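# Descriptive structure summary
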Amino acid sequence: MPSTMEVKCVSDDCELDMFENHYTYDVPDDHAVEDLSCPYCGGSDLVEIGV
């Protein structure tokens, strides 16, 4: 089953508290939270929840 990642934006200027990323089977093995950006503010100050 494809993985799911819960991510939190920790930027002081962002209103989004968390979002969930759903992946397909085609995601590279080395894909990480550092490869993402916040869908609300566009920033990259993100941390994975529940690691």
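Residues numbered from 1 in each chain as written. Predicted model: local features only at pLDDT ≥ 70, side-chain atom pairs only at ≥ 80, totals over all residues. Heavy atoms only, no water.

Under the annotation held in an unreviewed UniProt entry, the protein chain carries the name Small CPxCG-related zinc finger protein and is attributed to Halorubrum ejinorense.

## Side note on the environment of Lys8
Here is the rule: We count a stretch as a helix when DSSP gives it H or I for four or more residues in a row; a strand needs E for two or more, and each element gets its number in order from the N terminus. Summary of the burial criterion: residues with accessible area below 20% of their type's maximum are buried, those above 50% are exposed, and those between are partly exposed, where the area comes from a 1.4 Å probe applied to protein chains only.
Within the fold, Lys8 resides in strand S1 (residues 4-9). Given the relative accessible area of 39%, Lys8 is considered partly exposed. Taking the C-alpha atoms as reference points, Lys8 and Glu20, separated by 12 residues in sequence, lie 8.8 Å from one another.

## Some words on the confidence of the model for the protein chain
Do not read the predicted coordinates in detail wherever pLDDT is low. Quick reminder of the rule: Each residue carries a pLDDT score, the predictor's own confidence in it, on a scale running from 0 to 100.
Per-residue pLDDT for the protein chain averages 88, and the proportion of residues at 70 or more is 94%. Across the protein chain, the secondary-structure element scoring lowest on mean pLDDT is strand S2 (residues 19-22), at 88, and the one scoring highest is strand S3 (residues 46-48), at 93.

## Some remarks on the pairing of S1
Rules: Two strands pair if DSSP finds at least two bridges between them.
Only one face of S1 is covered, namely the face carrying Met5, Val7 and Cys9; the face carrying Thr4, Glu6 and Lys8 is uncovered. Judged from the four bridges that link them, S1 and S2 form a sheet pairing that is antiparallel. Within S2, the residue paired with Met5 across the bridge is Asn21.

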